[in-house]
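Here is how the chains run, residue by residue.
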Amino acid sequence: MSRVLMVASEVAPLCKTGGLADVLGSLPAALREIGEEVAVVLPNYLDLQLPSEPAEVWPEFPLRCGSHTFPTRILSLELNGVTHYLIDCPALYARHGIYGGAGGDFWDNPVRYAVLSLGAIAVSRFLFRPGVLHCHDWQASLAPIYLRSTYSPDPTYLGIRTLLTIHNLGYQGRYGSYVMGDIGLPMSLYHRDALEYFGDVNYLKGGIAFADAINTVSPNYAREIQTPEYGFGLDGFLRARSSRLSGILNGVDYSEWNPETDPGIARNYSASNLAGKRECKRALLAELGLPDSLDRPLIGIVSRFADQKGFDLVEQAAADIAGEDVAVAVLGSGDPRFENSFRQFAQIWPRVYGVRIGYNGPLARRIEAGADMFLMPSRYEPCGLNQIYSLRYGTIPIVRATGGLDDTIDPGTGFKFWDYSPWSLMGAIRSALEAWRDRKQWTAMMVHSMAKDFSWQVSAAEYAALYRRLIG
Ligand code: ADP
Ligand code: GLC
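Here, residues in each chain are numbered from 1, in the same order as that chain's written sequence. Chains carry letters from A onward and ligands carry numbers from 1 onward, assigned in written order. Side-chain atom pairs in this predicted model are given and counted only at pLDDT of 80 or more, local residue features only at pLDDT of at least 70, and totals for whole chains, interfaces and linings cover all residues. Based on all heavy atoms of the structure, the side-chain values leave hydrogens and waters out of the count.

K.L.:
Got a minute to help me understand the pattern of salt bridges in this structure?
P.N.:
Here the idea is simple: oppositely charged side chains can pair when their charged atoms come close. A side-chain nitrogen of Lys or Arg and a carboxyl oxygen of Asp or Glu constitute a salt bridge if their distance falls within 4 Å. Under the defined criterion, the tally for this structure stands at 22 salt bridges. When the shortest N-O distance is used, the salt bridge between R430 and E324 registers 2.7 Å. On the criterion of sequence distance, the pair formed by R430 in helix α16 (residues 422–437) and E324 in the loop between α11 (311–322) and β16 (327–334) is long-range, its members being 106 residues apart. It is possible to trace a salt-bridge network through shared partners that takes in E56, R73 and D88. Each helix is a run of DSSP H or I of at least 4 residues and each strand a run of E of at least 2, with the numbering of both proceeding from the N terminus.

Structure (structure tokens):
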């Protein structure tokens, strides 16, 4: 049994922008089930969706970060039997938005996430003494650095080991070197084997340099990030630490994502009774204002609109897709370029593209349930959760064979393409449409996909083994 304190910037269902939140919302409970002791630290954002009033476990204390001292409290909340510590620092978190607002990212994010790490270290001192401090992404990457620098003379922290999980190498937390003073780290750490990166400070690089172990969220992505193509400039740095780097595939929480029990879909269904899925499709077509043609395949898309997700390929192939006998249900938000493209497609081909721009959890589920196929043409994908949810909903994934998409989809459960090109994308879509025509075969594929098991069982045990190795 290990004692593990996770540090992260998003935790479902409290706050979420992507899959990181899903992982933090399910892995801790899965670890607890196999006997690990786990707690979670996150910021007390203004917009947290709190199921109950948190308790105050550490009334006001001054949290020092560089030359600033922030009045801070620590609150706690039980979720699925796991204690969540909320760092309540109003100067930094009492505002709408997680990472930013309409005007872009918050300017003080370097300090907001330094304080998250410092808050986690404060929790480790008095509230939950961990064997492993498990940090997620750049937002928690300073914790290993503070532990090994600022706090290294402090015997309180002796023996605490650190694990950094990289959910996405494309986001590194890169700021001007001026932040070194604001986050209270000495310039001696501003060098190329620590935080310095092409004249900037790079939080994720610092975490990689200082963490005792590093992992990513699929075995394939762990290999890919050591290559120039996927390394975002850190591939050499990662290769040099490859003995500390591993890949553990994300699991999913089937009590949350299951068409048999999902209360938010038009009608529940299962592999042995698929009738409800047609109802879900009918309802989705109606909701999106698409023609009520159940015999025309419906492709679903639910995504952050970021370069990573490969929608420039869909932009290039949009007319060809519209030329097929198919409809497309789209939900997404992010880069205005893609928001506008999809809005345009809906205007030009209203019978083909049903588009909703925005972030909408309930609609995401209705698309998973109502679509026949699910498209993820990612340029890169550390793990990807939507294709795994799709499998369970009998919604056949069409994916680019990269990262976790390649690890989780095989020829019996979905359609893959390799080249990052609109031609390859169209090839995979046409293969899927072709396969759809053989309804018996297609149903067999759905049933096979729905039986795939990506629950946390296996992966949580891999994390537990990694913790044990770390603690020694
Ligand atoms: P990423 O974390 O890179 O965005 P994942 O596939 O790991 O990709 O996870 C995405 C998660 O975010 C899924 O739970 C998905 O349903 C959700 N999601 C993404 N975009 C939206 C949206 N526009 N509305 C609702 N949920 C969304
Ligand atoms: C990141 C990745 C995604 C992964 C998620 C959870 O957001 O983009 O591929 O599934 O983290 O690990």
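K.L.:
I would appreciate a short explanation of the sheet that holds β16 in the present structure.
P.N.:
Sheet strands line up and pair through hydrogen bonds in the backbone, either parallel or antiparallel. Two strands qualify as a pair provided that DSSP identifies no fewer than 2 bridges between them. One open sheet accounts for six strands, arranged β17-β16-β15-β18-β19-β20; its pairing is parallel. Strand pairing shows two members of the sheet lacking a second neighbour, β17 (353–357) and β20 (415–417), which therefore form its edges. Neighbour-to-neighbour, the strand axes of the sheet open up by a mean angle of 15 degrees, direction not taken into account. Pairing analysis gives eight bridges linking strand β15 (residues 298–305) to β16, with the strands arranged parallel. By the bridge assignment, L298 is partnered in β16 with A327. Any pair of residues with heavy atoms lying within 4.5 Å of one another is described as a contacting pair. Axis definition: a line fitted to C-alpha atoms, over the contacting stretch in the case of helices. Angles run 0 to 180 degrees between N-to-C directions. Against the sheet, helix α12 (residues 336–348) engages β15, β16 and β17, with an angle of about 145 degrees to β17.

K.L.:
Mind showing me how you'd approach the site of ligand 1 here?
P.N.:
Put simply, a residue is near a molecule or strand once any heavy atom of it comes within 4 Å of that molecule or strand. In the neighbourhood of ligand 1, 21 residues make up the surrounding shell, with K16, G19, D22, R304 and K309 lying closest. Each polar contact in these results corresponds to two N or O atoms within 3.5 Å; when the atoms are within protein, one needs to be able to donate a hydrogen and the other to accept it, and residues that are neighboring in sequence are counted only if both atoms are side-chain atoms. Here an oxygen atom of ligand 1 sits 2.6 Å away from a polar atom, N or O, in the main chain of G19. To be clear on the numbers: accessible area is Shrake-Rupley with a 1.4 Å probe, and residue cover counts the displayed protein chains and nothing else. Protein coverage of the free-state accessible area of ligand 1, which is 560 Å², stands at 94%. Residue assignment for the shell around ligand 1 shows that the elements contributing at least two residues are α1 (19–24), β15, β16, α13 (361–370) and α14 (386–392). Ranked by the residues each element gives to the shell around ligand 1, the list is headed by β15, at three residues. A per-class count over the shell around ligand 1 returns six nonpolar, ten polar and five charged. Note on residue categories: nonpolar means Ala, Val, Leu, Ile, Met, Phe, Trp, Tyr, Cys or Pro, charged means Asp, Glu, Lys or Arg, and polar means any other residue, Gly included.

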